[in-house]
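# Residue-level structural notes
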Amino acid sequence: ASDAPAATAAAAARRRGTMAAYDDKVAWHPPLVVAPPPTGAPPPLKELFGRGEALLAKLENLTAAPDDADKCVDALDEAARRIDALALFPARAEVDDVATADLRYALVQAYRARALGRCKTEGGPAGRLGLVERTRAARADFLRLAARLGCLKEPDAGIKRLLGLGEDDDGDDERANEVGPAEIRKRAMARHEARKAADALFEDARAAFDRASSAPAEERDELERDVVVAELGAAAAAAANDLASDDKELEMLRMMARRAGGAPARAPPPRKPRAGDEGWLLDQPSDGKGLRVLKIAPNERGEIATTRERVRAGVFQPGHRLPTMSLEEFADLEVADAMQRSAAQKAAAEHKPSIAEDTRRRDELERDGDDDDTARFDAARDRTEAWADWLEEHPRGSGNKGKSQL
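Summarised in this report is the structure supplied together with it. (Residues numbered from 1 in each chain as written. Predicted model: local features only at pLDDT ≥ 70, side-chain atom pairs only at ≥ 80, totals over all residues. Heavy atoms only, no water.)

### Section: the overall build of the protein chain
Here is the rule: Secondary structure elements follow DSSP: runs of H or I of four or more residues count as helices, runs of E of two or more count as strands, with numbering from the N terminus. Throughout this description, buried means an accessible area under 20% of the type-specific maximum (1.4 Å probe, protein chains only), exposed means over 50%, and partly exposed covers the range between. Only heavy atoms matter for contacts: two residues are in contact if any of them lie within 4.5 Å across the pair. All accessibility values rest on the Shrake-Rupley procedure with a 1.4 Å probe; residue burial counts only the protein chains present in the view.
Tallying secondary structure elements over the protein chain gives 13 helices and 4 strands in all. For the protein chain, the residues scored as buried account for 28% of the 406 residues in total. For the protein chain, the share of sequence-separated contacts (at least 6 apart) that also reach a separation of at least 24 residues comes to 56%. Summed over all atoms, the accessible surface of the protein chain reaches about 28,000 Å², with 53% contributed by carbon and sulfur.

Rendered as structure tokens:
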């Protein structure tokens, strides 16, 4: 019982990232930036992380320079090496064992994957294949770290298999891991819903932190930590959704590489341009304005005429209709439509029709408990009597003609 206050103080010190002795003189690491680094020294981890985060924001906002993607990847690569050297996330560490000041550094691999996706490559499908493999590896490393810290909430069987976390995973038997289209769609929808829930939790945590501007320092520290944990959860949900897309792209790129013999696609040798219609049709390089064709047909006077025409690039379309929205957008529309139908049904059930709109008979009024409404009951009786009079004036079969008149 006497060790409980000391353990609580040690845990609070670890979360604040300050130097504190606990568990028999084992000291937690201090904040990474205490004083400006000397001239010529490598930049601190906080500066590397901030530089990569700022460059990534410019890349995703389409305001970056041509070489910002490579600079962002270099900064995040150096930050990842520094994190490994400092052992900020040991193998058995949980989220409560990491200081709040260091917890956001778990996003480095997620940022690396997003920055690599913005890089340009050369060499055709082979070059793109290497880039997507690096992107996939960085995203998988982040997801494994998030799962170990407890920030990846209930990954499905597909994500567990992709990360190598499944209990019955067998990499040599690909057919054992095949699933049908219905299961693939179900998993995609589940990942989409998990991502929306994680984003909503992150927004709620940030709103709670903003509202607590006048709260005590300890309470604000806890709220700040909740924001960082929620941010890790949102990033993990987004990375899990993107990991499946990476594997699909890798499958297509590997198939293209196998068809090309494993070598990057080579450009055709340049041809010598020739004059005349044949050179215009065959030898001139494409200018991106459409397909050039040479048309030989009789003109209005019946003479054979040769004309040059262009077939626009948009003429040749697939025989089927292309999708107009993604599965996520379709799911949002279906949910909104279901909520609208539910609200309309509820409003219709609560609406009581007027006497002119009410078409119920007297027995139905008695069943619904509205027989005490004299005006409504009299209107139902009048409708019944009018219908009886009509039937009496128009006996059954009176409008049919006899066989002799056909």
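So much for the structure itself; the text now carries on.
### Concerning the nonpolar core
Our working rule: Grouping buried Ala, Val, Leu, Ile, Met, Phe, Trp, Tyr and Cys residues that are joined through side-chain atoms within 4.5 Å yields what is termed a nonpolar core.
Judged by nonpolar contacts, the single largest core of 42 residues is most densely connected at Phe 89, Phe 142 and Leu 149. Those residues in contact with Leu 149 that lie beyond four places of it in its chain are Phe 89, Ala 93, Glu 94, Val 95, Val 98 and Ala 106. Ranked by size, the runner-up nonpolar core spans 7 residues in total, among them Phe 202, Val 227, Ala 234 and Ala 237.

### Notes on the pattern of salt bridges
Condition: The salt bridge criterion pairs a side-chain nitrogen of Lys or Arg with a carboxyl oxygen of Asp or Glu, the two atoms within 4 Å.
Summed over all chains, the structure comprises 24 salt bridges. For Arg 112, the salt bridge goes to Asp 77, with nearest N and O atoms at 2.4 Å. Of the two residues, Arg 112 is situated in helix α5 (residues 108-116) and Asp 77 in helix α3 (residues 68-86); the sequence distance between them amounts to 35 residues. Across the pair Asp 337 and Arg 341 runs a salt bridge, and its minimum N-O distance is 2.2 Å. One end of the pair is Asp 337 and the other is Arg 341, both in helix α11 (residues 327-350) and 4 residues apart, which spans about a single turn. Taking relative accessible area as the criterion, Arg 341 reaches 43% and is therefore assigned partly exposed. Taken together, the salt bridges that share partners define one network made up of Asp 358, Arg 360, Asp 373 and Arg 376.

### Details of the packing of aromatic side chains
In plain terms, the rule: Aromatic rings from Phe, Tyr and Trp, taking only the six-membered ring of Trp, are treated as a pair when their centres fall within 6.5 Å; an angle between ring planes under 30 degrees marks them as stacked, one over 60 as edge-to-face, and anything in between as tilted. For a Lys NZ or an Arg CZ to count as sitting over a ring, it must be within 6 Å of the ring centre and within 35 degrees of the ring normal.
Counting across every chain of the model gives 3 aromatic pairs. When the centroid spacing of 5.7 Å and the interplanar angle of 25° are considered together, the rings of Phe 49 and Tyr 111 count as stacked. Of this pair, Phe 49 sits in helix α2 (residues 45-60) while Tyr 111 sits in helix α5, placing them 62 residues apart in sequence. Taking the relative accessible area as the measure of exposure, Phe 49 reaches 5% and is therefore buried. Judged by centre distance (5.5 Å) and plane angle (5°), the ring pair of Trp 387 and Trp 390 falls under stacked. Of the two residues, Trp 387 and Trp 390 both sit in helix α13 (residues 374-393), 3 residues apart, roughly one turn of that helix. For Trp 387, a relative accessible area of 53% puts it in the exposed group. Each member of the aromatic cluster is reached from another via a ring pair, and the members are Phe 49, Tyr 105 and Tyr 111. When the ring centre of Phe 202 is taken as reference, the NZ or CZ atom of Arg 206 above it lies at 4.7 Å.

### Description of the environment of Leu 149
With respect to the helices, strands and loops of the structure, Leu 149 is situated in helix α6 (residues 125-149). Since its relative accessible area comes to 5%, Leu 149 is described here as buried. Between the alpha carbons of Leu 149 and Arg 92 there is a distance of 8.9 Å; along the sequence they are 57 residues apart.

### Overview of α2
Short version of the rule: Take the number of residues in a helix, subtract one, and multiply by 1.5 Å to get its expected span. Starting at the helix axis, one direction is taken to each C-beta atom, and the arc is that of these directions.
Between its terminal C-alpha atoms α2 stretches 22 Å, which fits the 22 Å expected from 16 residues at 1.5 Å a residue. Within α2, the full set of buried residues consists of Leu 45, Leu 48, Phe 49, Gly 52, Leu 55, Leu 56 and Leu 59. Take α2 and look down its axis: the buried residues cluster within an arc of 135°, on one side only.

### Description of the packing of α3 against α5
Under the convention used in this document: Whenever a helix is involved, its axis is fitted only over the stretch in contact; in every case the axis is a line through C-alpha atoms, and angles between N-to-C directions fall within 0 to 180 degrees. Comment on the angle field: the value is read as roughly parallel under 35 degrees, roughly antiparallel over 145, roughly perpendicular from 65 to 115, and oblique elsewhere. Definitions for this section: a left-handed crossing has its near helix turned counterclockwise from the far helix by less than a right angle. A right-handed crossing has that turn clockwise. Under the scheme applied here, ten amino acids are nonpolar (Ala, Val, Leu, Ile, Met, Phe, Trp, Tyr, Cys and Pro), four are charged (Asp, Glu, Lys and Arg), and all others, including Gly, are polar.
With their axes 9 Å apart at the nearest point, α3 and α5 run at an angle of 155° to one another. Considering the angle they form, α3 stands roughly antiparallel to α5. Two packed elements cross with a definite hand, and for α3 against α5 that hand is left-handed. On α5, the residues that touch Cys 72, Val 73, Leu 76, Asp 77, Ala 79, Ala 80 and Ile 83 of α3 are Val 108, Gln 109, Tyr 111, Arg 112, Ala 115 and Leu 116. Along the lines of polarity and charge, the residues of the contact of α3 with α5 split into 10 nonpolar, 1 polar and 2 charged.

### Description of the side chain of Arg 360
Applied cut-off: Throughout this description, a polar contact denotes any pair of N or O atoms lying within 3.5 Å of each other; where both atoms belong to protein, one of them has to be capable of donating a hydrogen while the other can accept it, and for residues adjacent in sequence the pair is counted only when both atoms sit in side chains.
Considering the arrangement of structural elements, one finds Arg 360 in the loop between α11 and α12 (362-368). Within the structure, the side chain of Arg 360 is placed 2.8 Å from the side chain of Asp 358, a separation counted as a polar contact. Contacts of Arg 360, omitting those with residues within four sequence positions, involve Leu 365, Asp 368, Asp 370, Arg 376, Ala 380 and Arg 383.

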